[in-house]
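Structure at a glance
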Amino acid sequence: MQAVILIGGLGTRLGSLVEETPKPLLPVAGRPFLDHLLQGLSRHGVTDIVLLAGYKAQVVEKLYGPDSDAAARLGLSIRVLVEETPLGTGGALLAAQEELADNFFLLNGDSLFDFNYLDLTVTLTDKGKPALATIALRYVEDARRYGLVVVNGSHHVTGFREKPKTPQSGLVNTGVYWMSRAILDWIPKGKASLEKDVFPKIAEQKRLLAKSYDGFFIDIGIPEDLARADQTLSQALTRPAVFFDRDNTLIVDHGYTYKPQDLVWVDGVPEMIRRLNDNGVFVFVVTNQAGVAKGHYDEAAINHFHAHMNVELREIGAHIDDFRYCPHHEEGIVAAYKKACNWRKPGSGMLDDLLAHWPVLPSKSLMLGDQDSDTRAGEAAGIPSQQVSEGRVTEIVDAWLYESSIGENE
């Protein structure tokens, strides 16, 4: 999937802070703010990133262009497009039309909203004319900086209200959209604003949808919020995780399962994963894959199978955040993989590596699998663990969500 990020603004309200660096690249919680956006997109399955740059574009190209290490570090394909003169949000998107996929996420580069992005993709079509865009909304107590969005019961946007002069609560546009390429036909040439020139027109045609989500939301448009983001972002994005064994826990084990056509989910598992996504819980898979060492398939086949798992999950707006596998076995026949390895459960290497790469709360997390080796691996990594019998994983996860008072149950 593709995401387009608008990072060309001047950021004038930040004054001297943006003299050398564009606003989305300012350091927040130890790294550029843009990095946090990109990592959030990556865990939702986005791999293709288009950065629409303008102000201080040379800085963007240095840090995220072809000669940077950002793409490799984040596991993304990143392209930087530069507008020579300010074109506005609509004009910048129109100028990038040759790079756009049929459907894509569009994000403002100076704000971050933590929610299940894939739910937007599920609501793109409507019973009438296909929607051209779906907006992610957030309820706020004081909308003076944002303006308000009015939505009816069928998720159609029916109007926009100017920024109130006195504190007023309501739904605001968070700057996260799922769009159809067909929206380009509605953008006038030259300088244009999506918010002022495009959205009102497509809303009149009932082709603009919106959904409201809870979750951490912040923009860095003013010094006070930039400082608040620096202080709170790391903690806000640190969350519980559920680490799953794969075969006989999430999927039916056919014996060395690696072909996409053999993927059969345990009953209720995709919907369970979606509930974890919606409640802001990381979902990880840690799986022993001795079939590589024993010559049944290669690592590329594993990665392809795991990608297919997420393709199927995406149909219901769900996703697995990350996978780890161990291809080694002491009794293997492939020399490169014939060895003992701490990544192989009951070793904790796969879980340790995930904990090093993601902001997880170990004590509030859970490891689930059908073998004793799964629970031993989880315990060795400091994760509360439980062995599950076949078909009971959804029951255990739902009980854990309820008892832990996570997300919707808080």
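Residues numbered from 1 in each chain as written. Predicted model: local features only at pLDDT ≥ 70, side-chain atom pairs only at ≥ 80, totals over all residues. Heavy atoms only, no water.

A word on the sheet that holds strand β17 (residues 366-369)
- Strand order in the open sheet made by the five strands is β16-β15-β14-β17-β18, with parallel pairing throughout. Two strands bound the open sheet, and with one partner strand each, they are β16 (322-326) and β18 (385-387). Each neighbouring strand pair of the sheet contributes to a mean axis angle of 20°, computed without reference to strand direction.
- As paired elements, strand β14 (residues 241-244) and β17 share three bridges and run parallel to each other. (Pairing = 2+ DSSP bridges. Helix = DSSP H or I, 4+ residues; strand = E, 2+ residues; numbered from the N terminus. Axes fitted to C-alpha atoms, helices over the stretch in contact; angles between N-to-C directions.)

Here we look at the pattern of salt bridges
- Throughout the structure, instances matching the rule amount to 23 salt bridges.
- With its nearest N and O atoms 2.8 Å apart, the salt bridge here joins glutamate 99 to arginine 79. Here arginine 79 lies in strand β5 (residues 77-82) and glutamate 99 lies in the loop between α4 (88-95) and β6 (103-108), a separation of 20 residues in the sequence.
- In this structure arginine 79 comes out as partly exposed when scored by relative accessible area, which is 24%.
- Arginine 144 is paired through a salt bridge with aspartate 142; the nearest N and O atoms lie 2.6 Å apart.
- Arginine 144 gets classed as partly exposed once you look at its relative accessible area, which sits at 38%. (Salt bridge = Lys/Arg side-chain N within 4 Å of Asp/Glu carboxyl O. Buried < 20%, exposed > 50% of the residue type's maximum accessible area, 1.4 Å probe, protein only.)

Focus: the pairing of β6
- In terms of burial, β6 is largely enclosed, as five of its six residues are buried.
- As judged from the four bridges shared by strand β1 (residues 2-6) and β6, these two strands associate in the parallel manner. Bridging from a neighbouring strand, valine 4 pairs with leucine 106 of β6.
- Relative to strand β11 (residues 170-180), β6 runs antiparallel, the two sharing five bridges. Paired with leucine 106 across the strands is tyrosine 177, a residue of β11.

Some details on the sheet that holds strand β4 (residues 48-53)
- Pairing within the open sheet is mixed, and its seven strands lie in the order β5-β4-β1-β6-β11-β8-β12. With partners counted over all chains shown, the strands left at the sheet margins are β5 and β12 (208-212), one partner each. Here the strands of the sheet are splayed against their neighbours by 25° on average, with no regard to which way each runs.
- Inspection of the sheet shows strand β8 (residues 133-140) paired to β12 by five bridges, in the parallel sense. Following the sheet pairing, threonine 134 is matched in β12 by leucine 209.
- The sheet contacts of helix α1 (residues 33-43) involve β1, β4, β5 and β6, and relative to β1 the element is tilted by about 160°.
- On top of the sheet, helix α2 (residues 57-64) reaches β4 and β5; it is set at about 165° to β5, its chief contact. (Contact = heavy atoms within 4.5 Å.)

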